[in-house]
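Working through the structure, step by step
Each chain is listed here by its residues.
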Amino acid sequence: MSVRRFTEVEAYQHADDGYYYRPLVAGKELFSYVAHVPAGGYMAPDAEEAELFELSLFMLEGELDGILDEDRVPLTAGDALHIPRGMPFGVENRGTATVSFVLSFAPPPPNVDLDTMKQSAVERGRVVIEAGDVEDVVGPVTFPG
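Throughout what follows, the structure given in this document is the object of discussion. (Residues numbered from 1 in each chain as written. Predicted model: local features only at pLDDT ≥ 70, side-chain atom pairs only at ≥ 80, totals over all residues. Heavy atoms only, no water.)

1. A short note on the packing of aromatic side chains
When we look at a pair of aromatic rings, we describe it by the centre distance and by the angle of the planes. Overall, the coordinates contain eight aromatic pairs when judged by the stated rule. Consider the rings of Phe31 and Tyr33, whose centres lie 5.9 Å apart with planes at 70°: the pair is edge-to-face. A network of ring pairs unites the aromatic residues Tyr12, Tyr19, Tyr21, Phe31, Tyr33, Phe53, Phe101 and Phe105 as a single cluster. (Phe/Tyr/Trp six-rings, centres within 6.5 Å; stacked < 30°, edge-to-face > 60°.)

2. Observations regarding the environment of Leu81
Relative to the assigned elements, Leu81 resides in strand S8 (residues 80–83). Setting aside its immediate chain neighbours within four residues, Leu81 contacts Leu55, Ser56, Leu57, Leu68, Leu75 and Phe89. (Helix = DSSP H or I, 4+ residues; strand = E, 2+ residues; numbered from the N terminus. Contact = heavy atoms within 4.5 Å.)

3. Considerations on the pairing of strand S6 (residues 63–68)
Residues in a regular strand point their side chains to alternate faces of the sheet. With five of its six residues buried, S6 lies for the most part within the structure. Pairing between S6 and strand S7 (residues 71–76): six bridges, direction antiparallel. When the sheet's bridge partners are listed, Leu64 is paired in S7 with Leu75. Once S6 ends, the chain turns through two residues before running back antiparallel as S7, passing Asp69 with a positive phi of about 60°. Pairing geometry for S6 and strand S9 (residues 89–92), over four bridges, is antiparallel. Its bridge partner lying in S9, Leu68 is registered against Phe89. (Buried < 20%, exposed > 50% of the residue type's maximum accessible area, 1.4 Å probe, protein only. Pairing = 2+ DSSP bridges.)

4. Considering the sheet that holds S6
The antiparallel open sheet is built from four strands, whose spatial order is S4-S9-S6-S7. In this open sheet, the two strands that pair with only one neighbour each are strand S4 (42–43) and S7.

5. Some words on the side chain of Glu61
With respect to the element layout, Glu61 can be found in strand S5 (residues 54–61). Among the polar contacts made by the side chain of Glu61, one reaches the side chain of Ser100 at a distance of 2.9 Å. Beyond its immediate stretch of four places on either side in the chain, Glu61 contacts Ala77, Thr98, Val99, Ser100, Val141, Thr142 and Phe143. (Polar contact = N/O pair within 3.5 Å; in protein donor to acceptor, adjacent residues only side chain to side chain.)

6. Description of the side chain of Ser100
By secondary structure assignment, the location of Ser100 is in strand S10 (residues 99–106). Side-chain polar atoms of Ser100 contact the side chain of His36, separated by 2.8 Å. Apart from the residues lying within four places of it in its own chain, the contact partners of Ser100 are Ala35, His36, Met59, Leu60, Glu61 and Val141.

7. Here's the deal with the pattern of salt bridges
One pass over the structure, following the stated rule, counts five salt bridges. In this structure, Glu10 and Lys118 form a salt bridge, with 3.0 Å as the shortest nitrogen-oxygen distance. On the criterion of sequence distance, the pair formed by Glu10 in the segment before strand S1 (11–13) and Lys118 in helix H2 (residues 117–123) is long-range, its members being 108 residues apart. Look at Glu10 and you get buried, because its relative accessible area is 17%. The salt bridge involving Arg72 is made with Glu92; its shortest N-O contact spans 2.7 Å. (Salt bridge = Lys/Arg side-chain N within 4 Å of Asp/Glu carboxyl O.)

8. Quick notes on the sheet that holds strand S11 (residues 128–129)
The pairing of strands in a sheet comes from backbone hydrogen bonds and takes either a parallel or an antiparallel form. Strand order across the open sheet formed by seven strands is S8-S5-S10-S3-S2-S1-S11, with antiparallel pairing between neighbours. Since the sheet does not close on itself, it has two edges, and those belong to S8 and S11, each with one partner. By the bridge criterion, six bridges tie strand S2 (residues 20–26) to strand S3 (residues 31–37) in an arrangement that is antiparallel. By the bridge assignment, Arg22 is partnered in S3 with Val34.

9. Considerations on the nonpolar core
Membership of the largest hydrophobic core comes to 26 residues, with the highest contact counts inside it found for Tyr19, Tyr33, Leu57, Phe89, Val91, Phe101 and Leu103. Of all elements in the fold, only S3, S5, S6, S8, S9, S10 and H2 reach the threshold of two or more residues within this core. Residues contacting Leu103, with those up to four places away along its chain left out, are Tyr19, Phe31, Ser32, Tyr33, Leu55, Ser56, Leu57 and Phe89. In this structure, Phe6, Val34, Leu60 and Val138 belong to the second largest nonpolar core, which totals 11 residues. (Core = buried A, V, L, I, M, F, W, Y, C linked by side-chain atoms within 4.5 Å.)

Here is the structure:
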């Protein structure tokens with residue numbers, strides 16, 4: 001068992017999009033991260049990835065559209081959303097402030113190890129943001145207060 005303080009965790013660019021995540025928990029049955037989506041950020045739904053995981057999303061701050069297949073669901077701080085396996089899921093931040101949420105995966109992605117995630121992100125050409133510099137890239141993050 002280990003404790004990770006989210007403000008001390010690096011952020012990784014998801015893909016060539018405005019979506020960054022800070023991995024927090026990687027277990028045999030669960031994987032969780034805090035995501036930051038800056039104003040204008042978008043992550044398209046991925047039907048192939050949807051077949052792999054059941055997801056749980058909990059909004060920490062801000063407002064965004066959850067995209068479930070082709071339907072949009074408005075989400076605000078304090079909202080929770082279940083995304084069943086097989087449901088393509090994406091997000092869009094049409095607001096002016098950074099949005100943050102916790103996303104949990106069951107089962108976890110294969111071979112997820114918090115110690116090797118940075119190396120994998122770099123090898124895939126993703127931006128890696130040091131913990132102290134996250135807000136410089138994604139904008140102000142007010143969680144935790």
